[in-house]
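# Structural features, examined
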Amino acid sequence: QVQVVESGGGLVQPGGSLRLSCAASGSFLGVWTMGWYRQAPGKQREMVATITRDGITNYADSVKGRFTISRDSAKNTVYLQMNSLKPEDTAVYYCSLRFGFVPDYWGQGTQVTVSS
């Protein structure tokens, strides 16, 4: 059974930094893509950043230049380094794992709050 578990959320002041981690466990093979999505109150879930097992990345325009996604393929783990955080980055951040075009597995989510 595949599980996806996030960690690293919290409260940070505007301009600050946070690092999220996500580990996928269980038995799976093949080419995967892991990514981070977020959902703010009253809004739809949106893609933040994704990375393939081979290291190809994709970012939402709103986070380009501020967020960096990376991975440790041997550990099926991805990280999201978030710098220059803004209040509008406040949301629940979800990690995903997919083998096709849409996420197959989701984590439970971790809250990120940017506030002074």
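Presented here is a report on the structure given in the accompanying data block.

## With respect to the overall build of the protein chain
Of the regular secondary structure elements, the protein chain holds 0 helices and 11 strands. Each helix (α) and strand (β) of the protein chain, taken in turn from the N terminus, gives the series β-β-β-β-β-β-β-β-β-β-β. Whereas a compact globule of 116 residues would reach a radius of gyration of roughly 13 Å, the protein chain reaches 13 Å, a difference of no more than 12%. In terms of overall dimensions, the protein chain has a C-alpha envelope of 45 × 25 × 20 Å along the principal axes. Buried positions account for 43% of the 116 residues belonging to the protein chain. Within the protein chain, counting contacts between residues at least 6 apart in sequence, those at least 24 apart form 52% of the total. Total accessible area on the protein chain is roughly 6200 Å²; 48% of this is exposed by carbon and sulfur atoms. Each charge sign in the protein chain was given a centre, from 11 positive and 8 negative side chains, and these centres are 2 Å apart.

## Some points on the state of the cysteines
Inspection of every chain in the model, using the stated rule, returns 1 disulfide. In this model cysteine 22 forms its disulfide with cysteine 95; the gap between the sulfur atoms is 2.0 Å. Because the sign of the S-S torsion sets the handedness, a value of about -85° for the bond joining cysteine 22 and cysteine 95 places this disulfide among the left-handed ones. One end of the pair, cysteine 22, is in strand S3 (residues 18-25); the other, cysteine 95, is in strand S9 (residues 91-98), and 73 residues separate them in sequence. For cysteine 95, a relative accessible area of 0% translates into the label buried.

## Quick look at the sheet that holds strand S8 (residues 77-82)
Taking strand neighbours across the sheet as the criterion, the 4 strands line up as S1-S3-S8-S7 in an open arrangement whose pairing is antiparallel. Of all strands in the sheet, those with a lone pairing partner are strand S1 (3-7) and strand S7 (67-72), marking the two edges. Each adjacent strand pair in this sheet contributes to an overall mean axis angle of 15°, direction not counted.

## Here we look at the side chain of threonine 33
Within the fold, threonine 33 resides in strand S4 (residues 33-39). Leaving out residues up to four positions away in the same chain, threonine 33 has contacts with Thr50, Ile51, Thr52, Ser96, Leu97 and Arg98.

## Describing the pairing of strand S5 (residues 46-52)
Of all 7 residues in S5, 5 are buried; the element is thus mostly enclosed. Bridge count between S4 and S5: 6 bridges; the pairing is antiparallel. Its bridge partner being in S5, tryptophan 36 is matched across the sheet by alanine 49. Counting the residues in the hairpin turn of S4 and S5 gives 6 residues, including glycine 42, whose phi is positive at 80°. Here S5 pairs with strand S6 (residues 57-59) via 3 bridges, running antiparallel. Residue alanine 49 lies in a different strand from S6, and its bridge partner there is tyrosine 59. Hairpin connection from S5 to S6: 4 residues lie between these consecutive antiparallel strands, with glycine 55 at a positive phi of about 100°.

Parameters at a glance
Residues numbered from 1 in each chain as written. Predicted model: local features only at pLDDT ≥ 70, side-chain atom pairs only at ≥ 80, totals over all residues. Heavy atoms only, no water. Helix = DSSP H or I, 4+ residues; strand = E, 2+ residues; numbered from the N terminus. Rg over C-alpha atoms; globule rule 2.2 N^0.38 Å. Buried < 20%, exposed > 50% of the residue type's maximum accessible area, 1.4 Å probe, protein only. Contact = heavy atoms within 4.5 Å. Areas by Shrake-Rupley, 256 points an atom, 1.4 Å probe, with all protein chains shown as cover. Lys, Arg positive; Asp, Glu negative; His and termini not counted. Charge placed at Lys NZ, Arg CZ, Asp CG, Glu CD. Disulfide = S-S within 2.5 Å. Pairing = 2+ DSSP bridges. Axes fitted to C-alpha atoms, helices over the stretch in contact; angles between N-to-C directions.

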